[in-house]
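Residue strings, one per chain:
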Amino acid sequence: AGSGLGYLGISRMSNILVILFAILDCKVWSIAQVAAWADGHISKLDSPKAWLLDLSIGDSVDSCLETVREAMRESGVLLPENVGELMAGFILLRYDAGELPEAQARSLIVDIVDAYETSSVDAEAAGTLSLDSSVYLDIRRSAEQALEYMSSDRYLESDRKLIND
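Residues numbered from 1 in each chain as written. Predicted model: local features only at pLDDT ≥ 70, side-chain atom pairs only at ≥ 80, totals over all residues. Heavy atoms only, no water.

Colleague: I keep staring at the pattern of salt bridges and nothing clicks. Help me out?
Modeller: Two side chains of opposite charge can pair, provided their charged atoms sit close to one another. Applying the stated criterion across every chain, the model contains eight salt bridges. Across the pair R94 and E99 runs a salt bridge whose closest N-O atoms are separated by 3.0 Å. Classification of E99 by relative accessible area gives partly exposed; the value is 46%. Taken together, the shared-partner salt bridges in this structure form one network comprising E66, R69, E70 and R73. (Salt bridge = Lys/Arg side-chain N within 4 Å of Asp/Glu carboxyl O. Buried < 20%, exposed > 50% of the residue type's maximum accessible area, 1.4 Å probe, protein only.)

What follows is the structure in structure tokens.
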């Protein structure tokens, strides 16, 4: 897929909201980064969606996560089966960046795998598998691609409709 989003295996309509959900739930971005992302889009749009405006003024990552959940409900966007892989990838990237110690990263990945039933690794294996294992390479790549997509201005038309009225 030319969009680089085929790794998610989800409806194109849900990409931006699903990625935001995972970014916020995994605390990949700070509140300042969330606001900067939202403000960057608001300044370029004629009529930004209310949820995007709410993200811009959110006072915590948790309040922004609730804003995204509400936008998902209003848009009929469901989390895809493999959102756990994306979330685990974000945790691995935080570990790689030195933001999480190995034990905490492993614990978070086990919790994610347990909650979202990932196809790449089961909860038992996640508890013992090296975080540098080749099993996690594709998961990391998917998370990196998702972050690249979020930082681009080349959104799919369906995602543009999610942020602009």
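Colleague: Sorry, what's going on with helix α5 (residues 83-96) here?
Modeller: Each α-helix winds once per 3.6 residues, and so residues spaced three or four apart point in a common direction. When the terminal C-alpha atoms of α5 are compared, their 20 Å separation across 14 residues agrees well with the 20 Å that a helix rising 1.5 Å per residue should span. Judged by how many residues are buried, α5 sits mostly within the fold: 13 of 14 residues are covered. Residue G98 follows α5 closely and has a positive phi angle near 80°. (Helix = DSSP H or I, 4+ residues; strand = E, 2+ residues; numbered from the N terminus. Expected span 1.5 Å × (residues − 1).)

Colleague: Sorry if this is basic, but what is going on with a negative patch on the surface here?
Modeller: Taken together, the side chains of E81, D111, D114 and E117 present a region of like negative charge at the surface. Along the chain, D111 falls in helix α6 (residues 102-116). (Patch = residues over 30% accessible without salt bridge, like charges linked within 9 Å, V, L, I, M, F, W, Y side chains within 5 Å. Areas by Shrake-Rupley, 256 points an atom, 1.4 Å probe, with all protein chains shown as cover. Lys, Arg positive; Asp, Glu negative; His and termini not counted. Charge placed at Lys NZ, Arg CZ, Asp CG, Glu CD.)

Colleague: Even after reading the chapter, I still don't get the packing of helix α1 (residues 15-25) against helix α4 (residues 61-75), so can you show me in this structure?
Modeller: Two numbers describe a pair of packed helices, the interaxial angle and the distance between the axes. Taken N-terminus to C-terminus, the directions of α1 and α4 make an angle of 155°; their axes are 9 Å apart at the nearest point. In terms of their interaxial angle, α1 and α4 are classed as roughly antiparallel. α1 and α4 meet at a crossing whose hand is left-handed. Across from L17, V18, L20, F21, L24 and D25 in α1, the residues of α4 making contact are V61, C64, L65, V68, R69, A71, M72 and S75. Partitioned by chemical class, the residues of the contact of α1 with α4 number 11 nonpolar, one polar and two charged. (Axes fitted to C-alpha atoms, helices over the stretch in contact; angles between N-to-C directions. Parallel < 35°, antiparallel > 145°, perpendicular 65-115°, else oblique. Left-handed = near helix turned anticlockwise from the far one by under 90°. Contact = heavy atoms within 4.5 Å. Nonpolar A, V, L, I, M, F, W, Y, C, P; charged D, E, K, R; others polar.)

Colleague: Would you mind showing me how to read the side chain of S56 here?
Modeller: With respect to the element layout, S56 can be found in helix α3 (residues 50-56). Ignoring anything within four residues of it in the chain, the contact list for S56 reads A35, A38, D39 and I42.

Colleague: I tried to follow the environment of A125 on my own but got confused; where do I start?
Modeller: By the secondary structure assignment, A125 is in helix α7 (residues 123-126). In sequence terms A125 and V113 are 12 residues apart; their C-alpha atoms lie 9.7 Å from each other.

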